[in-house]
Amino acid sequence: MPLPPEMPERAQHTPVSGTARPLVLLGIESSCDETAAAVVRRNPDGSATVLSDVVLSQTEDHAPYGGVVPEIAARAHVVHLDRLIRKAMDDAGCAFADLDGIAATAGPGLIGGLLVGFTMAGAIAQVHGLPLLAINHLEGHALTARLTDGVAFPYLMLLVSGGHSQLLIVEGVGRYSRLGTTIDDALGEAFDKTAKLLGLGYPGGPHVERMARNGDETRFDFPRPMVGRPGCDFSFSGLKTAVRRAAQAVMPLTDQDAADICASFQAAISDCVADRLTRAMRAFRHRYPDVESPAVVVAGGVAANARLRAMMTKVAADNGFSVSIPPLRLCTDNAVMIAWAGAERMAAGLLDTGTTKARPRWPLDPDAVPALGAGAAGAKA
Ligand code: KG4
Ligand code: ZN
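Conventions used here
- Residues numbered from 1 in each chain as written.
- Chains lettered and ligands numbered in written order.
- Predicted model: local features only at pLDDT ≥ 70, side-chain atom pairs only at ≥ 80, totals over all residues.
- Heavy atoms only, no water.
- Helix = DSSP H or I, 4+ residues; strand = E, 2+ residues; numbered from the N terminus.
- Rg over C-alpha atoms; globule rule 2.2 N^0.38 Å.
- Contact = heavy atoms within 4.5 Å.
- Areas by Shrake-Rupley, 256 points an atom, 1.4 Å probe, with all protein chains shown as cover.
- Domains from an automatic or database assignment.
- Buried area = accessible area lost by both parts, 1.4 Å probe.
- Salt bridge = Lys/Arg side-chain N within 4 Å of Asp/Glu carboxyl O.
- Polar contact = N/O pair within 3.5 Å; in protein donor to acceptor, adjacent residues only side chain to side chain.
- Buried < 20%, exposed > 50% of the residue type's maximum accessible area, 1.4 Å probe, protein only.
- Pairing = 2+ DSSP bridges.
- Right-handed = clockwise from strand over helix to strand, strands pointing away.
- Axes fitted to C-alpha atoms, helices over the stretch in contact; angles between N-to-C directions.
- Near = heavy atom within 4 Å.

Draft legend 1. Molecular detail of the overall build of the protein. Within the protein, the secondary structure is distributed over 11 helices and 12 strands. Radius of gyration (C-alpha) of the protein: 21 Å, near the 21 Å computed for a compact globule of 381 residues. Excluding contacts between residues fewer than 6 apart, the proportion of contacts in the protein whose partners are at least 24 apart in sequence is 72%. When the accessible area of the protein is evaluated, it comes to approximately 16000 Å², of which 54% is carbon and sulfur surface.

Draft legend 2. Quick peek at the domain arrangement of the protein. Segmentation of the protein into domains returns domain 1 (23–146 + 332–374) and domain 2 (151–325). A straight line from the C-alpha centre of domain 1 to that of domain 2 covers 26 Å. For the pair domain 1 and domain 2, the summed buried area comes to about 2100 Å², and 66% of that belongs to carbon and sulfur atoms. Put simply, domain 1 and domain 2 have zero salt bridges between them. At the junction of domain 1 and domain 2, the tally comes to six residue pairs in polar contact (both at pLDDT 80 or more). Elements with a minimum of two residues in the side of domain 1 that touches domain 2: helix H1 (59–62), helix H4 (137–149) and helix H11 (336–347). The dominant element in the side of domain 1 that touches domain 2, judged by the number of residues it contributes, is H4, at seven residues.

Draft legend 3. Geometry of the pairing of strand E8 (residues 175–181). In terms of burial, E8 is a largely internal element, six of the seven residues being buried. By the bridge criterion, six bridges tie strand E7 (residues 165–172) to E8 in an arrangement that is antiparallel. By the bridge assignment for E8, Leu 168 is matched with Arg 178. The hairpin turn running from E7 into E8, its antiparallel successor, is two residues long, and Gly 174 in that turn takes a positive phi close to 80°.

Draft legend 4. Region of interest: the pairing of strand E9 (residues 295–299). The element E9 is largely enclosed, with a buried count of five among its five residues. Of the two faces of E9, both are covered, the one formed by Ala 295, Val 297 and Ala 299 as well as the one formed by Val 296 and Val 298. Here strand E6 (residues 155–160) runs beside E9; their pairing, made up of four bridges, is parallel. Following the sheet pairing, Met 157 is matched in E9 by Val 297. As paired elements, E9 and strand E10 (residues 322–324) share three bridges and run parallel to each other. Its bridge partner lying in E10, Ala 295 is registered against Ser 322. Each parallel crossover has a hand, and for E9 linked through helix H9 (residues 306–318) to E10 it is right-handed.

Draft legend 5. Representation of the sheet that holds E6. Reading across the sheet, the five strands line up as E8-E7-E6-E9-E10 and stay open at both edges, with mixed pairing between neighbours. A single partner strand is all that each edge strand has here, and the edge strands are E8 and E10. Each strand axis lies, on average, 25° off the axis of its neighbour in the sheet, ignoring direction. Sitting on the sheet, H4 touches E6, E7, E8, E9 and E10, and the angle it makes with E6 is about 125°.

Draft legend 6. Here's a closer look at the site of ligand 1. Around ligand 1, the structure places 18 residues, and the nearest of them are Gly 162, Asp 192, Gly 205, Glu 209 and Gly 301. One of the backbone N or O atoms of Gly 162 is found 2.7 Å from an oxygen atom in ligand 1. Take Gly 188: an N or O atom from its main chain is 3.1 Å from an oxygen atom of ligand 1. Coverage of ligand 1 by the protein amounts to 87% of the 550 Å² it exposes when considered alone. Counting only elements with at least two residues in the shell around ligand 1, the list comes to helix H5 (187–197) and helix H6 (204–212). With four residues, H6 is the single largest residue contributor to the shell around ligand 1.

Draft legend 7. Main features of the sheet that holds strand E2 (residues 34–42). Spatially, the five strands line up as an open sheet ordered E3-E2-E1-E4-E5, and their pairing is mixed. Where the open sheet ends on each side, the last strands, each with one partner, are strand E3 (48–57) and strand E5 (132–136). Each neighbouring strand pair of the sheet contributes to a mean axis angle of 20°, computed without reference to strand direction. Bridge count between strand E1 (residues 23–29) and E2: seven bridges; the pairing is antiparallel. Its bridge partner being in E2, Val 24 is matched across the sheet by Arg 41. Contacting E1, strand E4 (101–107) and E5, helix H3 (residues 111–128) runs over the sheet at an angle of about 155° to E4.

Below, the structure written as structure tokens:
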């Protein structure tokens, strides 16, 4: 049937199932304080080619406040997103007519930023007659290891960022089973709060890690919340309180005091994550006894931490798992992972119906019991 004259030719797009042809997607990410756009091609053999990758971090805009300010973030996305999309398309040498779809983060995250990115993606999709894929930000993180290392399903995933601390089994595209989540602070948040308390900069993780290099990790005996408990949930708020008490007890803090606190804090964190990870590996083995050499994949900004990386590598080796930690640029927030998740969805025939709205809460595993309760908008974690 001929298309009406006002419809561009791409509107003839046929739904994809299987992986017979290459898929080129524009990805847009705006759920927190990174504005990002990227173009990725999924090749018929399942490998990926990153055609462009543009990220604008708003870290400096938020630094004076010691955390992300939602209104500032949303405004910055409005100001920069169209230029970044243009750059991503130019870098990739692509016209919109060359695309097979547009993938944009629809949640979870800060609703102002999500609305900016998802609405713009919807407008571009409509104008060019392209399918719009509403991507769960966590799915983007979860599938990145397939782009970088071609990791096969099922695998175990540890996601540790400023907003999330989760252990999941990635069973397939769109199939996630949550083993554990935080019942209070996210791991990155614990680093950020510790840094703030000690008067270090924002974001706190890199500062705490740097200070810890000169510290004595045995000086403060901080608690190891949840260690030895059943399940795979995390908790970090008790540790934060212990750090505050220790800092108050030795005031005024010398550089050495701060370094010792940072080192002792990192050691406690490392023990907590090791315990939870070991349990998650057991749970994975129980569920998938036939997977011979399963992989554990790590993502999120906290994956940059060398102490944690070393611990994860050891725990994985002790339990017969291989480890995949994508390069840092793809561990932290980016649009490559969103475009890739869209391509994986298209290749699996999981085309969105177009009804999905941007949403601040959107658990990857809809069956998981909310750890922080649920409100009108759904589960909080
Ligand atoms: O994934 P990400 O870039 O942004 C989101 O939260 O989505 O993660 C940022 C978090 C921050 O809390 C930051 O302090 C933490 O990752 N982080 C680190 C390190 N680098 C970044 N935490 C510990 N050690 C690091 N080297
Ligand atoms: Zn993220």
